[in-house]
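Overview (structure and organization)
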Amino acid sequence: MASRLWASKAASYLKISTFNFNRGFASVVKDLKYAESHEWVKVDGKSATVGITDHAQDHLGDVVYVELPEVGAAVTQGSSFGAVESVKATSDINSPVSGKVVEVNEELSSSPGLVNGSPYENGWIIKVEISDTNEVNSLMDSEQYSKFCEEEDNH
């Protein structure tokens, strides 16, 4: 279903974002880490909570379905573990860290719009037991991610 790479990353965003009303930049949370494919991760020891960023949900539009992995599934940094389907596109969700899925946000099955309305709180997607905490060092902090998004939107 979601065989496309995170909708060809930046290229898809440019195609999807046909109406740029020059709204204020999407919110970025300081204590999170970010992947170039627009997922965020909140790390607490070897535990990680993963979701898609406000920037990503904004470009996708209204989310109508979230494909969740099974609890116990292995995830690999940079690889797809599920998908987000919106009124505009279906995009893979890539894991920012490697490990084992220990929890999925079951509320997204009946309320996928939580990804739009609360991407960093109620719209989280999975919780992972991290297998290699050093992987977090390759992710962007909030300042780097903000600059990354600005550059991406300006191209």
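Just above, that's the structure.
Please read these numbers as outputs of a predicted model, since none were measured by experiment.

A separate point is the overall build of the chain. Helices and strands together make up the secondary structure of the chain, namely five helices and nine strands. The linear arrangement of helices and strands in the chain, starting from the amino end, is α-β-β-β-α-β-β-β-β-β-α-α-β-α. Considering the chain as a whole, with its 155 residues, one finds that 48% of them fall into the buried category. Contacts spanning at least 24 positions in sequence make up 69% of the contacts within the chain whose residues lie at least 6 apart. Entry remark: accessible area of the chain is about 8000 Å², with carbon and sulfur atoms responsible for 46%.

Moving on: the packing of aromatic side chains. Geometrically, a pair of aromatic rings is defined through the distance of the ring centres and the angle of the planes. What the rule picks out here adds up to three aromatic pairs. Between Tyr 34 and Tyr 145, the ring centres sit 4.5 Å apart and the planes meet at 10 degrees, which makes this aromatic pair stacked. Of this pair, Tyr 34 sits in strand E1 (residues 33-34) while Tyr 145 sits in helix H5 (residues 142-153); the two residues are 111 residues apart in sequence, bridging distant segments of the chain. Side by side, Tyr 34 and Tyr 145 carry an identical accessibility label, which is buried. Taken together, the aromatic side chains of Tyr 34, Tyr 145 and Phe 148 make up a single cluster linked through ring pairs. Between the NZ or CZ atom of Lys 127 and the centre of the ring of Trp 124, over which it lies, the distance is 4.8 Å.

When you line up the elements, Phe 148 lands in helix H5. Once the C-alpha coordinates of Phe 148 and Glu 36 are considered, the two residues, 112 residues apart in sequence, prove to be 7.9 Å apart. With sequence-adjacent residues up to four places away left out, Phe 148 is seen in contact with Glu 36, His 38 and Met 140.

With that settled, the discussion passes to the sheet that holds strand E7 (residues 90-94). Taken in spatial order, the three strands line up as E4-E6-E7 in an open sheet, and their pairing is antiparallel. Both edges of this open sheet fall to strand E4 (63-67) and E7, since each of them pairs with a single strand only. Neighbouring strand axes in the sheet, compared pairwise and without regard to direction, differ in orientation by 25 degrees on average. Here strand E6 (residues 80-86) runs beside E7; their pairing, made up of five bridges, is antiparallel. Within the sheet, the bridge partner assigned to Ala 83 lies in E7 and is Asp 92.

Quick notes on the rules
Residues numbered from 1 in each chain as written. Predicted model: local features only at pLDDT ≥ 70, side-chain atom pairs only at ≥ 80, totals over all residues. Heavy atoms only, no water. Helix = DSSP H or I, 4+ residues; strand = E, 2+ residues; numbered from the N terminus. Buried < 20%, exposed > 50% of the residue type's maximum accessible area, 1.4 Å probe, protein only. Contact = heavy atoms within 4.5 Å. Areas by Shrake-Rupley, 256 points an atom, 1.4 Å probe, with all protein chains shown as cover. Phe/Tyr/Trp six-rings, centres within 6.5 Å; stacked < 30°, edge-to-face > 60°. Lys NZ or Arg CZ within 6 Å of the ring centre and 35° of its normal. Pairing = 2+ DSSP bridges. Axes fitted to C-alpha atoms, helices over the stretch in contact; angles between N-to-C directions.

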